[in-house]
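Chain by chain, the residues:
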Amino acid sequence: MSPIVKLNKVSKSFGSLNVLQGVSFDVAQGSVVAIIGRSGSGKSTALRCMNGLEKINGGEITVCNHHLHQNVTKAQLRALHLDVGIVFQSYNLFPHLTVGQNIMLAPKWVRKQSKAEAKDLAAEVLGKVGLAEKFDAYPEQLSGGQQQRVAIARSLAMQPKLMLFDEVTSALDPELTGEVLKVMENLAKDGMTMVLVTHEMAFAKGVGDKVIFMHQGKVWEEGDGEILSAPQTPELRQFVGNGL
Amino acid sequence: MTYTFDFSFLAEYWPELLSGLMQTAQLSILSIIFGFLLGTVLAVGRTADSKAVRRICAIYVEAIRNTPLLVQMFMIYFGLASIGFKLSAEFCAVLAIVINVSSYTCEIMRAGIESIKKGQLEASDCLAMSWWQRLFLIVLPPATERVYPALVSQFILIMLATSLVSQISAEELTSTAVRIDSMTFRSFEIYTVIAVIYIALAFVFRIGFWALSQLVFPRLRRLGTPL
């Protein structure tokens, strides 16, 4: 089976800063890929390039049969966004809408579902993240961990083929981190294809089918979770040195 | 001072004052509605991706904000008439006020739009929303809610500024008072009376805007906190 995501020699620079320098990797259907690395290693940028939030300067990305290149159009990006969900570090829930409205918005307006359909779907995904009783709450009434689970539910409601997670637990304390990771683990068990940028080494090792260590804008080391136990490069050894 | 205050003319003229009040209210409400709509379009223009659109909207706003409302009114009423467009005073009054209030509303709404965080826009884009959906579902509702108090102040000011249209002989509260004054010579009394009426009208408008906010901002109604 061909990979659902394929990055081929992707480069990206912000001004004179070369953030990605020829990044290549694949994501297999149904797998969980964890991208790790220091701040500034380009891991978040790589993830954001995968759904067009950043335009790449060189190379090619194929995501769910959509091709991303330098001159990708808005219409192409919209088509891509129908297949790919993303969850952000800062949740980005819509503050003027209730939890239920946040989740129903895109199914109703983008997928053109009826109100009843959208409501059923919202209740279902909210149940999946364990927050069924928060349907009518506003985001500001929830804890950070709950807001992040709602953000996951909102993304799930669009029934994506691939989900991207951009440091989704970095703003949370250990207890709240745990509840969000639990939801992600369940998603992985359900067979969702996931790519996550994370600092949670234990999660990367335990749930990730593949771990990618990025360093200075390049894929420095790549393999299953075991590369964290037996790093091949001094950089990864130093990175995980204090962790596991 | 031997002046004796005499409000007895009110017995005869109150129906005229009442109709003047209604005309002021009507003029104000029309101007506020269309001024808000035009101002919001301008604010979207001032925050658009296209530099040309931003520039055009900015020039319009600066031109309007830096000329007196009375001069704008004269330009539209007397100016247009002199080059062959004869329009009714009431229409010109609304047009002038709409143009004026739109430029101020634009600046207030722009502040609201710019308060929307980039993450909100990214989130809506990543949910495959179109530009229009993003604007009407994600950007404008919270933007309006945030600047609503400033908008209300501006709208009350505009209601008071409708008194200027008496200068182009449009019918409203102040022009009614001027007419009553010329017939009764009770200047102090009549202008005191309409000052009180303006205060009352401003109060009614504030209550109306508060009620409207409860209707259109459900989050505010439920939580009562600023967004």
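Residues numbered from 1 in each chain as written. Chains lettered and ligands numbered in written order. Predicted model: local features only at pLDDT ≥ 70, side-chain atom pairs only at ≥ 80, totals over all residues. Heavy atoms only, no water.

## Considering the overall build of chain A
Selection criterion: The helix and strand labels rest on DSSP assignments: H or I over at least four residues marks a helix, E over at least two residues marks a strand, and numbering proceeds from the N terminus. Taken over C-alpha atoms, the radius of gyration is set against a globule rule of 2.2 Å times the number of residues to the power 0.38. The criterion used for residue contact is that any of the two residues' heavy atoms lie within 4.5 Å.
Counting its regular elements, chain A contains eight helices and ten strands. Over its C-alpha atoms chain A spans a radius of gyration of 18 Å, differing by no more than 12% from the 18 Å that the globule rule assigns to 244 residues. Overall, the C-alpha framework of chain A stretches about 55 × 40 × 35 Å when taken along its three principal axes. Contacts in chain A between residues far apart in sequence, at least 24 positions, make up 65% of those at least 6 positions apart.

## Brief notes about the UniProt feature "domain: ABC transmembrane type-1" (unreviewed entry) in chain B
Put simply, the rule is: UniProt positions are given in the numbering used here, feature names are shortened, and annotations may be inferred rather than shown by experiment.
Mapped onto the present numbering, the UniProt feature "domain: ABC transmembrane type-1" (unreviewed entry) falls at residues 21–209 of chain B. The span residues 21–209 of chain B shows a helical share of 83% and a strand share of 0%, and its end C-alpha atoms are spaced 18 Å apart.

## Describing the packing of aromatic side chains
Residue and element names in this part refer to chain B. To be explicit about the condition: The criterion for an aromatic pair is that two Phe, Tyr or Trp rings (for Trp, the six-membered ring) have centres within 6.5 Å, with stacked assigned to planes under 30 degrees apart, edge-to-face to planes over 60 apart and tilted to the rest. When a residue's accessible area, from a 1.4 Å probe over protein chains only, is under 20% of the maximum for its type it is buried; when over 50% it is exposed; and in between it is partly exposed.
By the definition in use, this model includes eleven aromatic pairs over all chains. Centroid distance W132 to F136: 6.1 Å. Interplanar angle 10 degrees. Geometry classified as stacked. Of this pair, W132 and F136 are both found in helix α6 (residues 131–161), four residues apart, which corresponds to roughly one turn of the helix. The exposed category is assigned to W132, whose relative accessible area is 55%. Assessed through its relative accessible area of 49%, F136 is described here as partly exposed. Members of the aromatic cluster, joined through ring pairs, are F36, F155, F205 and F209.

## Describing the sheet that holds strand β5 (residues 66–68) of chain A
Residue and element names in this part refer to chain A. The cut-off we apply is this: One bridge is not enough; two strands pair if DSSP finds at least two bridges between them. Fitted lines through C-alpha atoms serve as axes, helices being fitted only where they are in contact, and the angles separating the N-to-C directions of these axes extend from 0 to 180 degrees.
One open sheet holds the four strands; their spatial order is β2-β1-β4-β5, and the pairing between them is antiparallel. Where the open sheet ends on each side, the last strands, each with one partner, are β2 (17–27) and β5. Going across the sheet, the axis of each strand differs from the next one's by a mean of 25 degrees, ignoring polarity. Bridge count between strand β1 (residues 5–14) and β2: eight bridges; the pairing is antiparallel. What sits directly across from K12, in β2, is L20. Sitting on the sheet, helix α2 (residues 74–83) is in contact with β4 (58–63) and β5, with an inclination near 125 degrees to β5.

## Some remarks on the confidence of the model for chain B
Which entries qualify depends on this criterion: Per-residue confidence from the prediction method is given by pLDDT, with values spanning 0 to 100.
On average, chain B scores 95 in pLDDT, and the residues at 70 or more come to 100%. This complex was scored by the predictor with a pTM of 0.91 and an ipTM of 0.93.

## Things to note about the interface of chain B and chain A
How we decide: Throughout, buried area stands for the accessible area (probe radius 1.4 Å) lost by two parts on being put together, summed over both. Every case where a carboxyl oxygen of Asp or Glu lies within 4 Å of a side-chain nitrogen of Lys or Arg is listed as a salt bridge. N or O atoms within 3.5 Å of each other form a polar contact, as long as, within protein, one can give a hydrogen and the other can take it, and as long as residues adjacent in sequence are counted only when both atoms are side-chain atoms. Gly counts as polar in this scheme, as do all residues outside two lists: the nonpolar Ala, Val, Leu, Ile, Met, Phe, Trp, Tyr, Cys and Pro, and the charged Asp, Glu, Lys and Arg.
At the junction of the two partners, chain B supplies 26 residues and chain A supplies 28 residues. Together, the buried faces of chain B and chain A total about 2200 Å²; carbon and sulfur atoms form 62% of this surface. Contact with chain A buries area across many residues of chain B, yet B:C126, B:L127 and B:A128 alone supply 27% of it, more than any other trio. Between chain B and chain A we count two salt bridges in total. The shortest N-O distance in the salt bridge between A:E140 and B:R219 comes to 2.5 Å. Across the chain B-chain A interface, the total number found is ten residue pairs in polar contact (both at pLDDT 80 or more). At the level of elements, α5 (118–126), α6 and α9 (218–223) of chain B are the ones that each hand at least two residues to the side of chain B that touches chain A. Here the side of chain B that touches chain A is composed, by residue class, of twelve nonpolar, six polar and eight charged.

## Structural notes on the sheet that holds strand β7 (residues 162–166) of chain A
Residues and elements named next belong to chain A. Taken in spatial order, the six strands of this open sheet run β6-β7-β8-β3-β9-β10, and their pairing is mixed. Either end of the sheet is taken by a strand with one partner, and the two such strands are β6 (84–87) and β10 (218–223). Across the sheet, the mean angle from the axis of one strand to that of its neighbour is 20 degrees, orientation sign disregarded. Each of β3 (32–37), β7, β8 (193–197) and β9 (210–215) is contacted by helix α1 (residues 43–50), which is oriented at about 150 degrees to β7, the strand it contacts most. In this fold helix α5 (residues 144–156) packs onto β6 and β7, with an angle of close to 170 degrees to the strand it touches most, β6.

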